[in-house]
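What the coordinates show
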Amino acid sequence: MSRIVMKFGGTSMAGVERIRAAATRAAAAREEGHEVAVVVSAMAGETDRLAGFCREIASVPSPSEYDVVVASGEQVTSGLLALTLQAMGCQARSWQGWQLPVRTDGTHGSARMSSIDTGALGAALTAGEIAVVPGFQGLSLDNRVTTLGRGGSDTSAVALAAALGADECRIYTDVEGVYTTDPRIVPRARKLDRIAFEEMLELASVGAKVLHTRSVELAMKHKVRLSVLSSFSDAPGTLVVDEDEIVESRVITGVAYNRNEAKVTVLGVPDRPGAVAEIFAPIAGAGINVDMIVQNIAHDTGRTDVTFTVPSTELPRALAVMEAAREAVGFGGVLSDVDVCKISVVGLGMRSHAGVALTMFEALGKRGINIQAISTSEIKISVLIAEEYLELAVRVLHTAYGLDVAG
Ligand code: ADP
Ligand code: ASP
Ligand code: MG
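A short tour of the structure in this document, coming up. All figures in this text were calculated on a predicted structure; none of them were measured in a lab. (Residues numbered from 1 in each chain as written. Chains lettered and ligands numbered in written order. Predicted model: local features only at pLDDT ≥ 70, side-chain atom pairs only at ≥ 80, totals over all residues. Heavy atoms only, no water.)

Next up on the list: the sheet that holds strand S12 (residues 238-241). With mixed pairing, the eight strands of this open sheet are ordered in space as S3-S6-S2-S1-S9-S11-S12-S10. This sheet does not close on itself; its edge strands, each paired only once, are strand S3 (92-94) and strand S10 (194-196). Strand after strand, the sheet turns through a mean of 20° between neighbouring axes, direction not considered. Of the pairings in the sheet, the one linking strand S1 (residues 3-8) to strand S9 (residues 168-173) comprises five bridges and is parallel in character. Each residue of the ladder has a partner; that of Lys7, found in S9, is Ile171. (Pairing = 2+ DSSP bridges. Helix = DSSP H or I, 4+ residues; strand = E, 2+ residues; numbered from the N terminus. Axes fitted to C-alpha atoms, helices over the stretch in contact; angles between N-to-C directions.)

This is the structure:
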């Protein structure tokens with residue numbers, strides 16, 4: 001008999017019928033003799049709806065009260081799923097994040113877990129009960145409700161699997177696994193039987209929202225057997241594995257996109273040591289993550305432009321701190337653009353193949369798509385382009401790297 005954690009996402013919780021389908025899967029796994037813990041998301045759209053109320057009341061809502069509000073979506077679905085299981089004759093109960101508790105730091109809105117007390121829950125599993133745990137929720141050291149960041153229920157599931165010493169963690173979602181790109185944008189995207197942790201981590205961090213980045217990190221660290229499957233079919237899903245378990249050789253494994261990007265250009269930065277540090281110090285001080293950076297070489301003017309990207313949700317704050325620093329640093333002005341997006345290609349094969357970036361630049365160039373910034377890592381190349389070309393660029397790159405399903 002094994003112990004498994006099954007996680008159901010928002011679409012799989014959207015309404016009583018779908019909750020019943022998820023309950024049927026959990027009950028079937030229990031019938032097969034497994035110990036079953038289920039982690040649930042809020043109903044699709046619910047977290048956005050709750051966040052909307054907060055923003056209607058305050059343009060910058062108190063982070064701790066915001067968490068109280070948005071964490072409630074998962075409380076509802078965990079209770080409904082437990083009720084459904086009970087109605088089906090199963091022994092089941094819900095365990096809220098604060099009841100376990102799931103301990104986190106105090107970074108409201110994007111808290112990091114530090115521990116999960118699974119003592120009582122583990123005993124319930126051993127006794128044959130199905131445990132239903134709301135994802136996304138945590139409790140800070142000063143006993144305030146926290147949340148783990150958007151998409152964070154995947155991370156709750158993997159962390160619970162690690163804490164319970166579970167044999168596997170299955171992420172049930174609205175597609176049949178991890179694809180070579182978002183199948184909603186490219187119908188010819190191919191489902192991957194396996195993907196390496198490193199590739200999945202990179203894809204998630206550049207925008208493939210099928211798994212929350214931190215969930216992949218945790219699974220890799222704690223050696224959790226992690227798979228992605230469909231809630232709506234019995235098709236085999238995708239297993240996330242160590243690199244040496246990948247037999248198929250491929251240069252590029254996937255293409256991802258991120259719309260949540262904004263470009264900031266700082267004009268006329270003095271060309272002297274320390275000027276760039278002075279630009280980024282207030283941005284870092286405000287806790288804003290900078291992603292891509294481009295700096296041109298100054299020619300004879302003694303001044304240059306520095307371009308960088310931040311999440312578009314952070315743009316107003318980034319512009320405010322830049323404006324405040326203008327006089328001290330002595331730059332000319334600031335331009336910004338939110339109509340940009342980042343497209344990335346990821347693959348372990350990049351380490352051993354030359355010309356991967358050239359394929360990308362040529363494919364985009366041929367379609368008249370202009371590249372505004374570039375960044376690379378060992379297994380990833382990202383470009384910043386105008387948002388209007390997002391879908392075209394993803395499709396063109398998917399074809400250029402030979403990822404389209406045949407036929
Ligand atoms: P859930 O609510 O189940 O957590 P998400 O919406 O967070 O589901 O993630 C699933 C979605 O991720 C899919 O519907 C798909 O549109 C998107 N997605 C983006 N990139 C990929 C990819 N490479 N493979 C599969 N799905 C992807
Ligand atoms: N409900 C949360 C969200 O929409 C967490 C999750 O679904 O993973 O972001
Ligand atoms: Mg998700």
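This paragraph deals with the site of ligand 1. In the vicinity of ligand 1 lie 16 residues, with Thr173, Asp174, Tyr179, Asp182 and Arg184 positioned nearest. Side-chain polar atom of Arg184 to an oxygen atom of ligand 1: 2.9 Å apart, as the coordinates give it. Calculation on ligand 1 without its partners gives an accessible area of 580 Å², and the protein chains cover 89% of this total. Residue composition of the shell around ligand 1, grouped by class: six nonpolar, five polar and five charged. (Near = heavy atom within 4 Å. Polar contact = N/O pair within 3.5 Å; in protein donor to acceptor, adjacent residues only side chain to side chain. Areas by Shrake-Rupley, 256 points an atom, 1.4 Å probe, with all protein chains shown as cover. Nonpolar A, V, L, I, M, F, W, Y, C, P; charged D, E, K, R; others polar.)

The local shell around ligand 2 consists of Ser41, Thr47, Glu74, Phe136, Arg150, Gly151, Gly152 and Ser153. Separating an oxygen atom of ligand 2 from a side-chain N or O atom of Ser41 is a distance of 2.9 Å. Within the complex, the protein chains bury 86% of what would otherwise be the 270 Å² of accessible surface of ligand 2.

A few words on the environment of Arg303. Residue position: Arg303 is located in strand S15 (residues 303-310). In sequence terms Arg303 and Val269 are 34 residues apart; their C-alpha atoms lie 5.2 Å from each other. Not counting residues within four places of it along the chain, the set of residues in contact with Arg303 comprises Gly268, Val269, Pro270, Asp271, Ala298, Gly330 and Phe331. At a separation of 2.6 Å, a polar atom in the side chain of Arg303 contacts the main-chain carbonyl oxygen of Gly268. Within the local environment of Arg303, its side chain forms a polar contact with the backbone oxygen of Gly330, the two atoms lying 2.9 Å apart. (Contact = heavy atoms within 4.5 Å.)

What follows concerns the packing of helix H6 (residues 153-164) against helix H8 (residues 213-222). Geometry of a packed helix pair, given as the angle between the helix axes and the separation of the axes. Their axes nearest at 8 Å, the elements H6 and H8 cross at an angle of 15°. Relative to H8, H6 is oriented roughly parallel. For the element pair H6 and H8, the recorded crossing hand is left-handed. Residues Asp154, Thr155, Val158, Ala159 and Ala162 of H6 pack against Arg214, Ser215, Leu218, Ala219 and His222 of H8. (Parallel < 35°, antiparallel > 145°, perpendicular 65-115°, else oblique. Left-handed = near helix turned anticlockwise from the far one by under 90°.)

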